[in-house]
Amino acid sequence: MNFPLIAPSVLSANFAQLGKDIQMINESEADWFHIDVMDGVFVPNISFGFPVIKSIQNLAQKPLDVHLMIVQPERYIKDFKSVGAEILSVHYEACTHLHRTIYAIKEEGMKAGVAINPHTPVHLLKDIINDLDLVCMMSVNPGFGGQKFIEQTYRKCADLKAMIEATNSSCLIEIDGGVNAETGPKLLEAGADVLVAGNYVFASSDPVATISSLKKLNPYTK
Ligand code: DX5
Ligand code: ZN
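Please read all numbers here as calculations on a predicted model, not as lab measurements.

Definitions and limits used
Counting starts from 1 at the beginning of each chain's written sequence and moves along it residue by residue. Note on labels: chains are lettered from A, ligands numbered from 1, in written order. Confidence filtering applies because this is a predicted model: local features only for residues at pLDDT of at least 70, side-chain atom pairs given and counted only at 80 or more, and all residues used for totals across whole chains, interfaces and linings. Note: side-chain values were computed over all heavy atoms of the structure, leaving out hydrogens and water. Each metal site lists N, O and S donors within 2.8 Å (3.2 Å for Na, K and Ca). With water left out of the atoms, a site can look as if it is missing ligands. Just to be clear on the cut-offs, tetrahedral is four donors with all angles between 85 and 135 degrees, square planar is four donors and octahedral six with opposite donors over 155 degrees apart and all others between 65 and 115, and anything else goes down as irregular. Helix and strand assignments follow DSSP, with helices taken as H or I runs no shorter than four residues and strands as E runs no shorter than two, numbered in order from the N terminus. For the exposure calls, accessible area comes from a 1.4 Å probe over protein chains only, and a residue counts as buried if that area is under 20% of its type's maximum, exposed if over 50%, partly exposed in between. Strand pairing requires that DSSP identify at least two bridges connecting the strands. For this analysis, a salt bridge means a side-chain nitrogen from Lys or Arg found within 4 Å of a carboxyl oxygen belonging to Asp or Glu. Only the contacting stretch of a helix is used when fitting its axis, a line to C-alpha atoms as for every element, and angles between N-to-C directions run 0 to 180 degrees. Note on angle classes: values under 35 degrees are labelled roughly parallel, values over 145 roughly antiparallel, values of 65 to 115 roughly perpendicular, and the remainder oblique. Each crossing gets its handedness from the near helix: less than a right angle anticlockwise from the far helix is left-handed, clockwise is right-handed. The criterion used for residue contact is that any of the two residues' heavy atoms lie within 4.5 Å. Lys, Arg, Asp and Glu make up the charged group, whereas Ala, Val, Leu, Ile, Met, Phe, Trp, Tyr, Cys and Pro make up the nonpolar group; the residues left over, Gly among them, are polar.

Asker: With reference to specific residues and values, describe the coordination of the zinc ion (ligand 2).
Answerer: Summarising the metal site, the zinc ion (ligand 2) is bound by the protein donors His34 (NE2), Asp36 (OD), His67 (ND1) and Asp176 (OD), whose distances to it range over 2.0 to 2.3 Å. For the zinc ion (ligand 2), the six donor atoms in the first shell make angles of 69 to 169° at the metal, a pattern classed as octahedral. Taken in sequence order, the residues that donate to the zinc ion (ligand 2) follow the motif H-x1-D-x30-H-x108-D. Within this pair, whereas His67 is found in strand 3 (residues 64-69), its partner Asp176 is found in strand 7 (residues 172-176), the two being separated by 109 residues in sequence. Relative accessible area serves as the criterion here: at 7%, Asp176 is assigned to the buried category.

What follows is the structure in structure tokens.
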């Protein structure tokens, strides 16, 4: 894999011309499609569900990285597999039996991720880190695109990187929220592997070039 991986967030696409935006991502240097599913309960917003994701899968030529911001995500694991999820992340804060849920995701043949809210400390992942393919670290409070980046994420990302190295885990660190040309290099310096970007890509005048600029980012050095 050629790092950093870039995952444009479809939440910021223009839904009236979704096919065009999917095609744009296909033609860009992006690595994954980041798909945000919100239920109006776990987060104060509702995004989209299975028919929309299935339509995205029909056009997408890159893996679907699905981020579930829903309660009881274990109820829908097979459904997300059937609409094309290749990477499925559930929230730490939404899972009572996280280990069971992670293994249910893997049994369906998907990569398993855990997303953590800004207030959730990294050390809570210590006993699950070796079972994970991905940690989606929220750098904003989940629910909306275009929010302000929370600065403590750099330190959290470095802590998680240290845990991954100490445990010889192959887990990737994905950062979700407020990623741009300023935060991106510092996140890479702190150990991030995957950058999700919504507003920064879709509000730009040339989204393909913006994705390309993220792909070319190097770790920030002081
Ligand atoms: C927020 C979502 C993010 C969001 C990121 O709840 O999980 O994936 O789309 O959007 P930006 O990059 O605009 O902060
Ligand atoms: Zn997300």
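Asker: Outline the pairing of strand 8 (residues 194-197), listing residues and values.
Answerer: Side chains Val194 and Val196 of strand 8 all project onto a buried face; the interleaved residues Leu195 and Ala197 project onto the opposite face, where all are buried too. By the bridge criterion, four bridges tie strand 1 (residues 5-8) to strand 8 in an arrangement that is parallel. When the sheet's bridge partners are listed, Pro8 is paired in strand 8 with Ala197. Summarising the sheet, strand 7 and strand 8 pair through two bridges and their orientation is parallel. For Ile175, the partnering residue across the bridge sits in strand 8 and is Leu195.

Asker: Quick rundown of the pattern of salt bridges? Include the residues and the values.
Answerer: Here the structure, examined in full by the defined rule, presents five salt bridges. Of the charged contacts in the structure, one is a salt bridge between Glu29 and Lys216, with a shortest N-O distance of 3.5 Å. Residue Glu29 is found in the loop between helix 1 (18-27) and strand 2 (33-38), and its partner Lys216 is found in the segment after helix 8 (207-215); the two are separated by 187 residues along the sequence. Note that Lys215 and Asp31 form a salt bridge whose closest N and O atoms lie 2.8 Å from each other. Here the residue Lys215 occupies a position in helix 8, and Asp31 occupies one in the loop between helix 1 and strand 2, the gap between them amounting to 184 residues.

Asker: Outline unusual backbone geometry, listing residues and values.
Answerer: The step from Phe3 to Pro4 runs through a cis peptide bond, and the omega angle for that step is -5°. When you line up the elements, Pro4 lands in the segment before strand 1. Look at Gln72: it is not a glycine, yet its phi comes out positive at around 45°. Position of Gln72 relative to the elements: it lies in the loop between strand 3 and helix 3 (77-82). The class for Gln72 is partly exposed, based on a relative accessible area of 39%.

Asker: Would you mind going over the packing of helix 1 against helix 2 (residues 50-59) in detail, with residue names and values included?
Answerer: Each packed pair of helices is defined by two parameters, the angle between the axes and the distance between the axes. Between helix 1 and helix 2, whose axes approach to 10 Å, the crossing angle comes to 45°. On the basis of the axis angle, helix 1 is oblique to helix 2. Here helix 1 runs over helix 2; the crossing is right-handed. Facing Leu18, Gly19, Ile22 and Asn26 of helix 1, the residues of helix 2 in contact are Val52, Ile56 and Leu59. Considered class by class, the residues forming the contact of helix 1 with helix 2 number five nonpolar, two polar and no charged.

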